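# Architecture and fold: a report
Now for the letters of each chain:
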Amino acid sequence: MSGEMVAVDYYIPLIMFLIIGALVPIGALAAVKIISPQKSTFRKRSTYEGGLRPIRDAGVQYNVQYYLFAIVFVIFDVEVLFLYPWIYVYASEAIPAVGGVSIAITGMLIFIVVLLIGLLYDIKKEALRWV
Amino acid sequence: MELLSAITDFAAREPKIFAVILGLIGAAVLASVINVAAMAVVWLERKVMGDLQARYGPNRVGGRWGILQLGADAIKLFTKEDIIPRGADKSVYVWAPIVASATTMLVAGAIPFGAVIIDGREIPLVVANMDISALYVEAALSLMAIGAFMAGYSSNNKYSMLGAFRGVARMIAYEVPMGVCVISVAVMAHSLNLVEIVNAQQSIWFAVAQPLGFVIFAICLITDLGRMPFDQTEAEEEIIAGYNTEYSGIRFGLLYFQEYNMMLLGSILLVLLFLGGWNGPVIPVISFISPMIWFFMKLLIVLVALIWIRVSLVRFRIDQVTDLGWKVLLPLSLVNFVWAVAVGLYFA
């Protein structure tokens, strides 16, 4: 295989990083298996809860407010994702200008204002109140 | 120099094989360098904290500077018994530290660790120098929350669960302003590549060009790293040790180390994005490594500042933290974005 280095090739080293990054702790855990003492007892393996016997397990019901947080986050994160490709549009000379200002910039300013209105609405409706 | 040209030759002929070899060597070298450096950071933190709190810090193992203290701690962690709590979701519990460590390495793969000057040319020390490395690093940095959430969720402990919830809520509150700050920097640099962002700061640091963005990014970074005053995921006084309450021995050690690895990588990211990276006047006699010297000086200042902040400030409540992220930092980061576009236009 020969040829130009394409964009995907930059991600091959990262896969190696992922593998080595996982192998290091696995190696450490294997080493511990060999050198550390193993005298496990029933009490030792109980869950810590202030020194008393644990009451029920940790599967708690959480407030619906957490979902609202998640939904608002997804909306805003996707909106921020739209800004990333825009950087390259902004930097290019090919975009026409109206009144001395590039369309890319006016468009983005409108987008930001819409974003801010959405955020104000969320705050007003208490969607972002921690409970 | 012949070696260098031979390497570039080989890279041009066999890009895929070169990428694999580069990845393996880079990962092996960086895995050891980062872990040793993180040990140094832990030592630095304990020593500086000791000084700031008018006490000695580690001073028994390894002379009066306590240099071998971390080695002793590592030996202790390795010889501790490996306990998995009875109620834990075993596979997730075991995988959490491994996932945490792997995400750290994912960040390390795309971050430039300074540069060296060879033949008057600056060569950045980075393994994967792709076009969107700033976006990639930011995304990989927020993967941290997954390891922490796996640890907290699988422990079957109420304190761990609360810590995990808090970690995720905090991450999503600060993810958006952080992303907007990275975009503001990229708008001024006209690129999302970290090396090009550093090169764009030769005349002026972005911390000076957009001070608001610098402050917001620094706050978001401290939050993402889970350090004081934003360490609600492991607030000792409230929820014992948060998401790693049930972890002990080497498994705790891995999670703890991963936090310090991330602290190191996050500080490097701050230096690259806002403090001019390795830019600085060339030091005459040792011009070969003069970028490295500037880079490490800036990195050291950021690390000490992080430790200083940890010692000085008290912990916020979790509702204050999410409020700060959503209601203050997010609008301000958008203001900073408009500022960056305007200033970028003015100087273009």
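Parameters at a glance
Residues numbered from 1 in each chain as written. Chains lettered and ligands numbered in written order. Predicted model: local features only at pLDDT ≥ 70, side-chain atom pairs only at ≥ 80, totals over all residues. Heavy atoms only, no water. Core = buried A, V, L, I, M, F, W, Y, C linked by side-chain atoms within 4.5 Å. Buried < 20%, exposed > 50% of the residue type's maximum accessible area, 1.4 Å probe, protein only. Helix = DSSP H or I, 4+ residues; strand = E, 2+ residues; numbered from the N terminus. Patch = residues over 30% accessible without salt bridge, like charges linked within 9 Å, V, L, I, M, F, W, Y side chains within 5 Å. Areas by Shrake-Rupley, 256 points an atom, 1.4 Å probe, with all protein chains shown as cover. Salt bridge = Lys/Arg side-chain N within 4 Å of Asp/Glu carboxyl O. Lys, Arg positive; Asp, Glu negative; His and termini not counted. Charge placed at Lys NZ, Arg CZ, Asp CG, Glu CD. Contact = heavy atoms within 4.5 Å. Buried area = accessible area lost by both parts, 1.4 Å probe. Polar contact = N/O pair within 3.5 Å; in protein donor to acceptor, adjacent residues only side chain to side chain. pLDDT = per-residue confidence, 0-100. Phe/Tyr/Trp six-rings, centres within 6.5 Å; stacked < 30°, edge-to-face > 60°. Axes fitted to C-alpha atoms, helices over the stretch in contact; angles between N-to-C directions. Parallel < 35°, antiparallel > 145°, perpendicular 65-115°, else oblique. Left-handed = near helix turned anticlockwise from the far one by under 90°. Nonpolar A, V, L, I, M, F, W, Y, C, P; charged D, E, K, R; others polar. Pairing = 2+ DSSP bridges.

## Some details on the nonpolar core
By size, the foremost hydrophobic cluster in this structure holds 113 residues, and its most contacted members are W86 of chain A together with F217, L273, W326 and F337 of chain B. With 16 residues, the single largest contributor to this core is helix α7 (residues 158-189) of chain B. Counting residues in hydrophobic clusters, the runner-up holds 11 residues, among them A148, M150, A151 and L255 of chain B.

## What to know about a positive patch on the surface
A cluster of basic side chains, namely R43, R45 and R53 of chain A together with R86 and K90 of chain B, defines a positive patch on the protein surface. With respect to the element layout, R45 of chain A can be found in the loop between α1 (12-35) and α2 (65-91).

## What about the interface of chain B and chain A?
Contacts between the two partners involve 80 residues from chain B and, on the opposite side, 69 residues from chain A. Roughly 6900 Å² is buried in total at the junction of chain B and chain A, and carbon and sulfur atoms are behind 75% of that figure. At the boundary of chain B with chain A, the tally comes to one salt bridge. Among the salt bridges present, the one from K33 of chain A reaches D82 of chain B, with a minimum N-O distance of 3.6 Å. Counting every contact that joins chain B to chain A gives four residue pairs in polar contact (both at pLDDT 80 or more).

## Remarks on the confidence of the model for chain A
The predicted coordinates should not be examined in detail at positions where pLDDT is low. In this model, chain A carries a mean pLDDT of 77, and residues with pLDDT of at least 70 account for 83%. When mean pLDDT is taken per element in chain A, α1 of chain A scores highest with 85 and strand β1 (residues 97-98) of chain A scores lowest with 66.

## Let's talk about the confidence of the model for chain B
Residues and elements named next belong to chain B. Taken residue by residue, chain B gives an average pLDDT of 84. The fraction at 70 or more is 99%. For chain B, helix α11 (residues 236-239) is the element with the lowest average pLDDT, namely 72, and helix α10 (residues 211-225) is the one with the highest, namely 90. Overall fold confidence for the complex sits at a pTM of 0.86, while the interface term, ipTM, reaches 0.80.

## Some remarks on the packing of aromatic side chains
Evaluation of the coordinates by the stated rule reveals 13 aromatic pairs over all chains. Centre to centre, the rings of F82 of chain A and F111 of chain A are 6.4 Å apart; their planes meet at 85°, and the pair counts as edge-to-face. On the criterion of sequence distance, the pair formed by F82 of chain A in helix α2 and F111 of chain A in helix α3 (residues 103-124) is long-range, its members being 29 residues apart. With relative accessibility at 51%, the residue F82 of chain A sits in the exposed group. In this structure F111 of chain A comes out as partly exposed when scored by relative accessible area, which is 25%. Between F214 of chain B and F274 of chain B the ring centres are 5.7 Å apart and the planes differ by 55°, which places this aromatic pair in the tilted class. Placement of the pair is F214 of chain B in helix α10 and F274 of chain B in helix α12 (residues 249-274), with a sequence separation of 60 residues.

## Thoughts on the packing of α12 of chain B against helix α13 (residues 290-312) of chain B
All names here are of chain B. Axis separation between α12 and α13 bottoms out at 9 Å; the angle between their running directions is 120°. Relative to α13, α12 is oriented oblique. As α12 packs across α13, the resulting crossing turns out to be right-handed. Only F295, K298, L299, V302, L303, L306, I307 and R310 of α13 make contact with α12, whose side of the interface consists of Y260, M263, L264, S267, I268, L270, V271 and L272. Each residue belonging to the contact of α12 with α13 can be placed in one class, and the counts come to 13 nonpolar, one polar and two charged.

## A few points about the pairing of strand β2 (residues 121-124) of chain B
All names here are of chain B. Strand direction decides the pairing type here: strand β1 (residues 115-118) and β2, joined by four bridges, are antiparallel. Bridge assignment links A115 to a residue of β2, and that residue is P124. The turn joining β1 and β2, which pair antiparallel and follow one another in sequence, is formed by two residues; a positive phi near 55° is taken by D119.

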